[in-house]
Amino acid sequence: VFSIGRQYSQVNEQNCSLLNTQQSTAITFLNISASRSEMELNLDTIIKLYTRILQDFGEVRIIQKGASDLDLCEETRYVFQVCLPVSKKFVQVGELSVEGDYYSRRLMFKQKDEQQTYRNVWTLSGTVLNITRVLPIVLETTQNNPKLIQKFYD
């Protein structure tokens, strides 16, 4: 399941820019799997898909966050960053959270298996693309390469 809509974050007014806005447009998703192994397969597929999408925008960096940076519901989080061509700074444009069966256990939503017993479901969620942050990357990347603009339309 995916949605396109507003995403809000706290911003220091002194550091407000197109890369750091209080409100942005983002594509988010939720993946529900029947088992941990299915969730792990989906995780690998989603990471490859993210990387393939973002490679058109420039150099991609994937960072796995440490335990101190995780929310209570997360087992792990991957942050996807793309390099701004002019400043050579990496900008976070997406993230992927692995929640496991956290929500299934707390909200008590289950699925029925073949034996008619109820089992937990496993979730992945995150921001596929923060469109507001990608705009400066697209502008900088395509500024000196008009052929690249056509690639985005094809």
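The structure under discussion appears in the preceding block.
Residues numbered from 1 in each chain as written. Predicted model: local features only at pLDDT ≥ 70, side-chain atom pairs only at ≥ 80, totals over all residues. Heavy atoms only, no water.

1. A few points about the overall build of the protein chain
What counts is decided by this rule: For the purposes of this entry, the term helix denotes a DSSP run of H or I that reaches at least four residues, the term strand denotes a run of E that reaches at least two, and both are numbered from the N terminus. Categorising residues by exposure relies on relative accessible area from a 1.4 Å probe, with only protein chains included: less than 20% of the type maximum marks a residue as buried, more than 50% marks it as exposed, and the intermediate range marks it as partly exposed. Contacts were defined at the residue level, with two residues in contact if any of their heavy atoms lie within 4.5 Å.
The helix and strand inventory of the protein chain stands at four helices and eight strands. Listing each helix as α and each strand as β along the protein chain from the N terminus yields β-β-α-β-β-β-α-β-β-β-α-α. Classification of the 154 residues of the protein chain by burial places 36% in the buried group. Across the protein chain, contacts joining residues at least 24 apart in sequence account for 56% of those joining residues at least 6 apart.

2. A look at the packing of aromatic side chains
The cut-off we apply is this: Paired rings are identified among Phe, Tyr and Trp, the last through its six-membered ring, by centres lying within 6.5 Å, and are further divided according to the angle between planes into stacked (under 30 degrees), edge-to-face (over 60) and tilted (the rest). Sitting over a ring, as applied to charges here, requires NZ of Lys or CZ of Arg to be within 6 Å of the ring centre and within 35 degrees of the ring normal.
Taken as a whole and assessed by the stated rule, the structure comprises three aromatic pairs. Seen from their ring centres, Tyr-102 and Tyr-103 are 5.3 Å apart, and the 85° between their planes marks the pair as edge-to-face. Looking at Tyr-102, the relative accessible area reads 14%, which means it is buried. Taken together through their ring pairs, the aromatic side chains of Phe-29, Tyr-50 and Phe-80 make up a single cluster. Lying over the aromatic face of Phe-90, Arg-61 brings its terminal NZ or CZ to 3.9 Å of the ring centre.

3. Remarks on the sheet that holds strand S8 (residues 122-130)
Quick reminder of the rule: Following DSSP output, two strands are said to pair if at least two bridges run between them. Between N-to-C directions, angles cover 0 to 180 degrees, with each direction set by a line fitted to C-alpha atoms, over the stretch in contact for helices.
Sheet architecture is open: six strands sit in the order S1-S2-S8-S5-S4-S3, paired in antiparallel fashion. Each edge of the open sheet carries a strand with a single partner, namely strand S1 (2-8) and strand S3 (60-64). Each strand of the sheet is rotated relative to its neighbour by a mean of 25°, with strand direction disregarded. Relative to the sheet, helix H1 (residues 36-54) contacts strand S2 (23-33), S3, strand S4 (76-83), strand S5 (90-100) and S8, its axis offset from that of S8 by approximately 10°.

4. Digging into the nonpolar core
Note the threshold: Each nonpolar core is a collection of buried residues, namely Ala, Val, Leu, Ile, Met, Phe, Trp, Tyr and Cys, held together in the definition by side-chain atoms within 4.5 Å.
Grouped together as the largest cluster of nonpolar side chains are 22 residues, with contacts concentrated most on Leu-96 and Leu-124. When residues of this core are traced back to their parent elements, those giving at least two are S2, H1, S4, S5, S8 and helix H3 (131-142). It is H1 that contributes the most residues to this core, six residues altogether. Ignoring any residue separated from it by four or fewer positions in sequence, one finds Leu-96 in contact with Phe-29, Leu-43, Ile-46, Ile-47, Tyr-50, Thr-76, Arg-77, Tyr-78, Phe-80, Leu-124, Ser-125 and Gly-126.

5. Remarks on the side chain of Ser-35
Here is the rule we go by: What qualifies as a polar contact is a pair of N or O atoms within 3.5 Å, subject to a donor-acceptor requirement within protein and to the restriction that residues adjacent in sequence count only when both atoms come from side chains.
Examined against the element boundaries, Ser-35 turns out to sit in the loop between S2 and H1. Polar side-chain contacts of Ser-35 include one of 3.2 Å to the backbone nitrogen of Glu-38. Among all residues touching Ser-35, those that are not within four sequence positions of it are Arg-119 and Trp-122.

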